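Take a look at the letters that make up each chain.
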Amino acid sequence: MRKIVIIFIISLLVTSCEDVIDVNLNTADPRLVIDASILWNTETTGSTQLIQLSLTAPYFSDTIPPATGATVTVTDSSNEVFNFTEEDATGKYINIDFKPKENEDYTLTILYNNETYMATETMTSVVPIEYVEQKNDGGFSGEEIEIKAYYQDPADVQNYYLFDFFVVDRETASLEVYDDEFTDGNEIFAFYSDEDLKAGDTLVIRNSGISQRTYEFFNILLQQTDDDSGDPFQTQPATVRGNCINQTNPDNYPLGYFRVSRVDTFNYVVQ
């Protein structure tokens, strides 16, 4: 009987410590989210391109609603228009006849819900990744694998780069941006470290040439989403606006970015 009483008291203590907290968050009208990256890989013709449109959703939502029924076009400086056709009401808009050219200006136009969104970018060239070095005793613990992807920066030219390190087996990606303010004309490397990286993992490393504005956008965005930045008392990040402008109603601005880049890819198997 004494054991039963003790168990009953403990159960009361445990249950009394549980409290359901309902978090009431502010809601807002959904905004258009534009994921428009026209990428021309050095090993392809760049004729197939994808633009994805979605809508913002409540914080606790498990789904991302697609933005369907939009009219999406990209126009070059010679006024050649490339129409993007939606695939089965998914919010994915595809063109298979795109003609990428370096240093060409491209304008994205989206007509959605009777509002017009536009952005303009220039196809930026890129330098190849020359080679990759691996270090197995990196990080604070001395047990992380560190990867350095080396490339030669052109001299006397202002360059900006976006590196994407994609771990195929885990389908995870890490982005880093670089400029050549202090490395102009030198051989330099992009750096990637991951405590979960192991021998045998396939790593796809992509280097994209980007404009200064694209660099600034991703630099701010990556700072706000860095796992090592901030604490419970830090000021909440502000909305990072891209280069897409709502021409019809500027107050109903979209999220996301339109970029056009030449891309070099290096496949590496972790040793």
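For clarity, every value in this text was computed on a predicted model and none was experimentally measured. (Residues numbered from 1 in each chain as written. Predicted model: local features only at pLDDT ≥ 70, side-chain atom pairs only at ≥ 80, totals over all residues. Heavy atoms only, no water.)

(A) Layout of the sheet that holds strand 5 (residues 92–95). Read from one edge of the open sheet, 12 strands run 11-10-13-15-1-2-5-4-3-6-7-14, paired in mixed fashion. Either end of the sheet is taken by a strand with one partner, and the two such strands are strand 11 (172–179) and strand 14 (245–246). As paired elements, strand 10 (residues 160–167) and strand 11 share 8 bridges and run antiparallel to each other. Within the sheet, the bridge partner assigned to Leu162 lies in strand 11 and is Val177. Set on the sheet, helix 2 (residues 212–224) makes contact with strand 7 (115–122), strand 10, strand 11, strand 13 (202–210) and strand 15 (255–269); between it and strand 11 the angle comes to about 130 degrees. (Pairing = 2+ DSSP bridges. Helix = DSSP H or I, 4+ residues; strand = E, 2+ residues; numbered from the N terminus. Contact = heavy atoms within 4.5 Å. Axes fitted to C-alpha atoms, helices over the stretch in contact; angles between N-to-C directions.)

(B) Inspection of the pairing of strand 4 (residues 81–86) at higher detail. Direction of pairing for strand 3 (residues 71–76) relative to strand 4: antiparallel, over a ladder of 4 bridges. Bridged to Val72 within strand 4 is Phe84. Connecting strand 3 to the antiparallel partner strand 4 that follows it, the hairpin turn spans 4 residues, and Asn79 within it adopts a positive phi of roughly 65 degrees. Taken together, the 2 bridges between strand 4 and strand 5 define a ladder with antiparallel strand orientation. Following the sheet pairing, Glu86 is matched in strand 5 by Tyr93.

(C) How the structure looks around the confidence of the model for the protein chain. Predicted confidence across the protein chain gives a mean pLDDT of 89, with 85% of residues reaching 70 or more. This model gives residues 229–233 a pLDDT under 50, and the stretch forms 3 contacts once residues within four places in sequence are excluded. (pLDDT = per-residue confidence, 0-100.)

(D) Up close: the pattern of salt bridges. Inspection of every chain in the model, using the stated rule, returns 5 salt bridges. Glu80 is the salt-bridge partner of Lys99, the closest N and O atoms lying 3.1 Å from each other. Taken as a pair, Lys99 in the loop between strand 5 and strand 6 (105–112) and Glu80 in the loop between strand 3 and strand 4 lie far apart in primary sequence, 19 residues in all. For Glu80, a relative accessible area of 31% puts it in the partly exposed group. (Salt bridge = Lys/Arg side-chain N within 4 Å of Asp/Glu carboxyl O. Buried < 20%, exposed > 50% of the residue type's maximum accessible area, 1.4 Å probe, protein only.)

(E) Representation of the packing of aromatic side chains. If you walk through the whole model with that rule in mind, you get 13 aromatic pairs. On the numbers, 5.3 Å between centres and 35 degrees between planes, the contact of Phe98 with Tyr106 is tilted. Summarising the burial analysis for this pair, Phe98 and Tyr106 share the class buried. A ring pair is formed by Tyr151 and Phe163, whose centres lie 5.3 Å apart and whose planes are at 35 degrees; its orientation type is tilted. Of the two residues, Tyr151 sits in strand 9 (residues 144–152) while Phe163 sits in strand 10, which places them 12 residues apart along the sequence. On the basis of relative accessible area, Tyr151 is assigned to the buried category, the value being 1%. Among the aromatic residues, those joined into a ring-pair cluster are Tyr151, Tyr161, Phe163, Phe165, Tyr178 and Tyr192. Lying across the ring of Tyr253, Arg241 places its NZ or CZ 3.6 Å from the centre. A cation over a ring is seen here: Arg262 above Trp40, with NZ or CZ 3.7 Å from the ring centre. (Phe/Tyr/Trp six-rings, centres within 6.5 Å; stacked < 30°, edge-to-face > 60°. Lys NZ or Arg CZ within 6 Å of the ring centre and 35° of its normal.)

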